[in-house]
Amino acid sequence: MKPTHIEHIGIAVKSIDEALPFYENVMGLKCYNIEEVADQKVRTAFFMIGQTKIELLESTDPEGPVGKFIEKRGEGIHHIAFAVDQIEDKLRKAEAAGIRLIDSTPRKGAEGLSIAFLHPKSTFGVLTELCEDKNSKNK
Ligand code: CMX
């Protein structure tokens, strides 16, 4: 796969409003974007650290993936997203290596990225996201 960097770390929180003061006042980071991703049933808040982002995930529906995660496992790290080039090709390689795909083709995620998830049951318990910023490359 050879990811170029960790694009973001997704953290499930019950409330973005309650979590913001920790990241802003204690960690000294600035939230630069809050965005709802309707088809994922989440509201997201982003902070930049170097080339990596922290993405806070607040569920907008208890039956959505983050709502179910918090119900079962509580707040905490939800997924790690790796930046890759040619995401379709990387998905086919993961599939050929026997990895269970949640998304067999990429879809649009927060910030306009093309994203696809690998199932945590075949990635040693970590929900793994591949993402590609096609806009920044004028593709
Ligand atoms: N990390 C690790 N394990 C996870 C997990 C996570 N984030 N979410 C669920 N699991 C585990 C559960 O604990 C459970 O394990 P056990 O069977 O051992 O108890 C198993 O996976 C199945 O969990 P489930 O609650 O029955 O949930 P589902 O199978 O319905 O869904 C998953 C799990 C990962 C397939 C689903 O959450 C998914 O499709 N996720 C990808 C989309 C997503 O997470 N979107 C939100 C972020 C969007 C964004 O960043 O913009």
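Please refer to the structure placed before this passage.
As the structure is a prediction and not an experimental result, all values here were calculated from the model.

About the thresholds
- Residues numbered from 1 in each chain as written.
- Predicted model: local features only at pLDDT ≥ 70, side-chain atom pairs only at ≥ 80, totals over all residues.
- Heavy atoms only, no water.
- Near = heavy atom within 4 Å.
- Polar contact = N/O pair within 3.5 Å; in protein donor to acceptor, adjacent residues only side chain to side chain.
- Areas by Shrake-Rupley, 256 points an atom, 1.4 Å probe, with all protein chains shown as cover.
- Helix = DSSP H or I, 4+ residues; strand = E, 2+ residues; numbered from the N terminus.
- Nonpolar A, V, L, I, M, F, W, Y, C, P; charged D, E, K, R; others polar.
- Phe/Tyr/Trp six-rings, centres within 6.5 Å; stacked < 30°, edge-to-face > 60°.
- Buried < 20%, exposed > 50% of the residue type's maximum accessible area, 1.4 Å probe, protein only.
- Pairing = 2+ DSSP bridges.
- Contact = heavy atoms within 4.5 Å.
- Core = buried A, V, L, I, M, F, W, Y, C linked by side-chain atoms within 4.5 Å.

Trainee: Outline the site of the ligand, supporting the account with residue identities and numerical values.
Mentor: Taken together, 19 residues surround the ligand, and among them Gln40, Lys68, Arg73, His78 and Lys121 come closest. Within the side chain of Glu55, a nitrogen or oxygen atom sits 3.1 Å from an oxygen atom of the ligand. Lys121 places a polar side-chain atom, nitrogen or oxygen, 2.7 Å from an oxygen atom of the ligand. Burial of the ligand by the surrounding chains reaches 74%, relative to a free accessible area of 970 Å². Sorting the residues of the shell around the ligand by element identifies β4 (52-59), α2 (65-73) and β5 (76-83) as the ones contributing at least two each. A per-element tally of the shell around the ligand places α2 first, with six residues. When grouped by side-chain class, the residues that make up the shell around the ligand number eight nonpolar, five polar and six charged.

Trainee: Mind laying out the packing of aromatic side chains, listing which residues take part and the relevant values?
Mentor: All chains considered together, the criterion is met by three aromatic pairs. Both rings, one in Phe22 and one in Tyr23, keep their centres 4.9 Å apart while their planes meet at 80°; by these two values the pair is edge-to-face. On the basis of relative accessible area, Phe22 is assigned to the partly exposed category, the value being 40%. Classification of Tyr23 by relative accessible area gives buried; the value is 13%. Taking 6.1 Å as the distance between ring centres and 40° as the angle between the ring planes, the aromatic pair formed by Tyr32 and Phe46 counts as tilted. Of this pair, Tyr32 sits in strand β2 (residues 31-37) while Phe46 sits in strand β3 (residues 42-49), placing them 14 residues apart in sequence. In textbook terms, an aromatic cluster arises when at least three aromatic residues are bridged by ring pairs, as seen for Phe22, Tyr23 and Phe47.

Trainee: Describe the pairing of β2, listing the residues and the values that go with them.
Mentor: Inspection of the sheet shows β2 paired to β3 by six bridges, in the antiparallel sense. Of the residues in β3, the one forming a bridge with Ile34 is Ala45. Remark: four residues form the turn of the hairpin made by β2 and β3, two consecutive strands paired antiparallel; Lys41 in that turn has positive phi of roughly 60°.

Trainee: Explain the environment of Ser104 to me, using residue names and the numbers behind them.
Mentor: Among the structural elements, Ser104 can be located in the loop between α3 (87-96) and β6 (107-108). It is 8.2 Å that separates the C-alpha atoms of Ser104 and Arg92, two residues lying twelve residues apart in sequence. Once residues lying within four places of it in the same chain are set aside, the contact partners of Ser104 are Leu91 and Arg92.

Trainee: Describe the nonpolar core, listing the residues and the values that go with them.
Mentor: In this structure, Ile11, Val13, Ile16, Ala19, Leu20, Tyr23, Leu29, Cys31, Ala45, Phe47, Ile54 and Leu56 together form the largest nonpolar core, which totals twelve residues. Of all the secondary-structure elements, those providing two or more residues to this core are β1 (5-13), α1 (16-26), β3 and β4. Tallying contributions element by element places α1 first for this core, with four residues. The contact partners of Ile16, leaving out residues within four places of it in the chain, are Ile34, Arg43, Thr44, Ala45, Leu56 and Glu58. Membership of the second largest hydrophobic core comes to nine residues, among which are Val37, Val42, Leu57 and Phe69.

Any functional reading would require information that these geometric values do not contain.
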